[in-house]
Amino acid sequence: MERLRYMLRVLLVITLVSLALFCAVTLNNSVSRLESYRNSFIARDWGYQKKLFWSNMDTAYFSGENLDYDSESFQSAYDKAAKLVRIEVPANEKPVRRLPEAIIIGVSKCGTRALLEYLSLNPYVVTAKREMNFFNNATLYNQGLDWYKEQMPLSYSNQVTLEKSPDYFECVLCPPRVLSMNTSVKLLLLLRDPVERLISQYMQLMDKYVGTQTMPLFEHWVREPSTGEINVKVPSVRVSIYADHVKNWLSHFPRKQILIIDSKMLTKNPVSEMNKVESFLGLKPYLSKDDIYFNESKGFHCMRLRTTGKTRCLGATKGRPHIKVEKETLSALYAFYNPHNERLKNILGFRMSWF
């Protein structure tokens, strides 16, 4: 009997030690998972963050992609995670979805993707995961602002919610629609040499239509076949007439609510330009040369995530050489756009770097 009691005591000790070790390992793994999520959140590497989010956070809070974002469990977990981030979380506040306080309205092929990616490095900026095209699409617009708000990411009141839809720029109905959403919304507008922008958009269309239809030669695409004049019936040609579209936006919004960004300067001095953007958005300067650096091998700027040191560059089409355009066509294009550039200068009160 005494021997049996002894064996039971030994078995109990072994069981308790094993349980303690199990709890210690589990706790350590939980801390590691939270630390991993924290690092990815701080780094603002959202694609990587999402994977970590669903795979590493405690399953007591999350159940996969069908999670109820409005549930108390999610709100609690999000709040705990955010407190680990290098942002000041407002006291007693839960993250909610908000209508955009800032919108990148254009122009297509002027660096809007780079601007969005750079801004996403700032933890006080949260961005929609795709181009919404809400205000220029009648079907989407008719779903209402509540639907639009539900497409936005969760945020705190001290974060700026932002979306990018370059097609808003040339949309006649977009300014009054945006104004009706938020009279104080801040608008970001990138402008580039109109001829360079047109060539870049032509190359994008060539890639888009590969295997489905053949694009005409650039010279045939931009010029009237009978007269040789620049073909203003081509939508892409009209987009580069910036003065018309800027005038339309300024007829609804005060100049102080629209930040004009010179694409050439953003390419040349991205950190300096991004600090101006941060100031315009009411944010403290955050981005530095440690976040946006020049990649010698690629020939353009890339991003470095602060906590992990992981680097990220834009897509393969970034920095690709343009097609060779006939000099006579180039001359005709610049002659066509110059008067419009002068009108733009008079509207803005200053001259862009490219004219």
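Model, not experiment: these values are computed from the prediction.

Overview of the layout of surface pockets
Where empty space is left can be seen by rolling a probe of water-molecule size over the atoms. There is about 1400 Å³ of room inside the largest pocket. Residue lining of the largest pocket: 45 residues in total, with K109, C110, G111, R192 and S200 positioned closest to the centre. Sorting the residues of the lining of the largest pocket by element identifies helix 4 (112-119), helix 8 (194-208), helix 10 (235-239), helix 12 (263-268) and strand 9 (300-304) as the ones contributing at least two each. Examining the composition of the lining of the largest pocket, we find that eight residues originate from one element, helix 8, more than from any other. Here the lining of the largest pocket is composed, by residue class, of 14 nonpolar, 16 polar and 15 charged.

Describing the UniProt feature "binding site: 3'-phosphoadenylyl sulfate" (unreviewed entry) in the protein
Taking the numbering used here, the UniProt-annotated feature "binding site: 3'-phosphoadenylyl sulfate" (unreviewed entry) corresponds to K109, C110, G111, T112, R113, R192, S200, K318, G319, R320, P321 and H322. Those annotated residues that line the largest pocket are K109, C110, G111, T112, R113, R192, S200, K318, G319, R320 and H322. Of note, K109 is situated in the loop between strand 2 (102-106) and helix 4. Using a relative accessible area of 22% as the deciding quantity, one classes K109 as partly exposed. Leave out the neighbours within four places in its chain, and K109 touches R192, R197, S200, Q201 and Q204. Within the element layout of this structure, S200 appears in helix 8.

Quick look at the pattern of salt bridges
Applying the stated criterion across every chain yields a total of twelve salt bridges. Here E93 and R98 are joined by a salt bridge, their closest N and O atoms 3.2 Å apart. The partner of R97 in a salt bridge is E150, and the shortest N-O contact between them spans 3.7 Å. With R97 in strand 1 (residues 96-97) and E150 in helix 6 (residues 145-150), the pair connects residues that are 53 residues apart, well separated along the chain. The class for R97 is buried, based on a relative accessible area of 17%. Residue class for E150 comes out partly exposed when judged on its relative accessible area of 44%. The structure contains a network of salt bridges with shared partners spanning R113, E117 and R312.

A few points about the pairing of strand 9
Within strand 9, four of the five residues are buried, which leaves it mostly tucked inside the rest of the structure. Where strand 8 (residues 292-295) lies against strand 9, four bridges are found, and the strand directions are antiparallel. Note that in strand 9 the partner of N295 across the bridge is F300. Hairpin connection, strand 8 to strand 9: the antiparallel pair is bridged by four residues, and G299 has positive phi, about 85 degrees.

Considering helix 8
Taking 1.5 Å of rise per residue, the 15 residues of helix 8 would be expected to cover 21 Å, and the 21 Å separating its terminal C-alpha atoms lies within 8% of that figure. Taken as a whole, helix 8 has its buried residues at P194, V195, R197, L198, I199, S200, Q201, Y202, M203 and L205. Of the surrounding elements, those touching the buried residues of helix 8 are helix 9 (218-222), helix 10, helix 11 (242-250) and helix 14 (327-348). Sitting at the amino-terminal end of helix 8 is D193, which places a side-chain oxygen 2.9 Å from the backbone nitrogen of V195.

Examining the packing of helix 8 against helix 14
Close contact between helix 8 and helix 14 brings their axes to 9 Å; oriented N to C, the two are set at 125 degrees. As far as their axial angle goes, helix 14 and helix 8 are oblique. Taken together, the residues of helix 14 that come into contact with helix 8 (itself represented by P194, V195, L198 and I199) are L330, L333, Y334, Y337 and N341. Here the contact of helix 8 with helix 14 is built from residues that sort into eight nonpolar, one polar and no charged.

A word on the sheet that holds strand 9
With respect to topology, three strands assemble into an open sheet ordered 8-9-10, the strand pairing being antiparallel. The open sheet is flanked by strand 8 and strand 10 (311-312), the only strands paired with a single partner.

Section: the packing of aromatic side chains
Remark: the centre distance and the inter-plane angle together describe each pair of aromatic rings, the angle taken between the planes. Here the structure, examined in full by the defined rule, presents 15 aromatic pairs. Measuring from centroid to centroid gives 5.1 Å for Y202 and W221, while their planes differ by 45 degrees, and the two rings are tilted. Taken as a pair, Y202 in helix 8 and W221 in helix 9 lie far apart in primary sequence, 19 residues in all. Considered together, Y202 and W221 belong to a single accessibility category, that of buried residues. Measuring from ring centre to ring centre gives 6.0 Å for F218 and W221, while their planes differ by 50 degrees; the resulting arrangement is tilted. One end of the pair is F218 and the other is W221, both in helix 9 and three residues apart, which spans about a single turn. Of the two residues, F218 and W221, both sit in the buried class.

Looking at the nonpolar core
I103, L115, Y168, L191, W249 and L344 are the most contacted members of the largest nonpolar core, which has 62 residues in total. In this structure, L191 is in contact with V107, C110, F169, Y242, I260, I261, D262, S263, L344, M352 and W354, ignoring residues within four places of it in sequence. Counting 19 residues, the second largest nonpolar core, distinct from the first, contains M203, F218, I230 and I241.

The rules we used
Residues numbered from 1 in each chain as written. Predicted model: local features only at pLDDT ≥ 70, side-chain atom pairs only at ≥ 80, totals over all residues. Heavy atoms only, no water. 1 Å grid on protein atoms, 1.4 Å probe; cavity = no way out; pocket = protein on both sides within 12 Å on 5 of 7 lines; lining within 4 Å. Points joined across faces, edges and corners; volume = space filled by probe spheres on them. Helix = DSSP H or I, 4+ residues; strand = E, 2+ residues; numbered from the N terminus. Nonpolar A, V, L, I, M, F, W, Y, C, P; charged D, E, K, R; others polar. UniProt positions renumbered as here; feature names shortened; annotations may be inferred. Buried < 20%, exposed > 50% of the residue type's maximum accessible area, 1.4 Å probe, protein only. Contact = heavy atoms within 4.5 Å. Salt bridge = Lys/Arg side-chain N within 4 Å of Asp/Glu carboxyl O. Pairing = 2+ DSSP bridges. Expected span 1.5 Å × (residues − 1). Polar contact = N/O pair within 3.5 Å; in protein donor to acceptor, adjacent residues only side chain to side chain. Axes fitted to C-alpha atoms, helices over the stretch in contact; angles between N-to-C directions. Parallel < 35°, antiparallel > 145°, perpendicular 65-115°, else oblique. Phe/Tyr/Trp six-rings, centres within 6.5 Å; stacked < 30°, edge-to-face > 60°. Core = buried A, V, L, I, M, F, W, Y, C linked by side-chain atoms within 4.5 Å.

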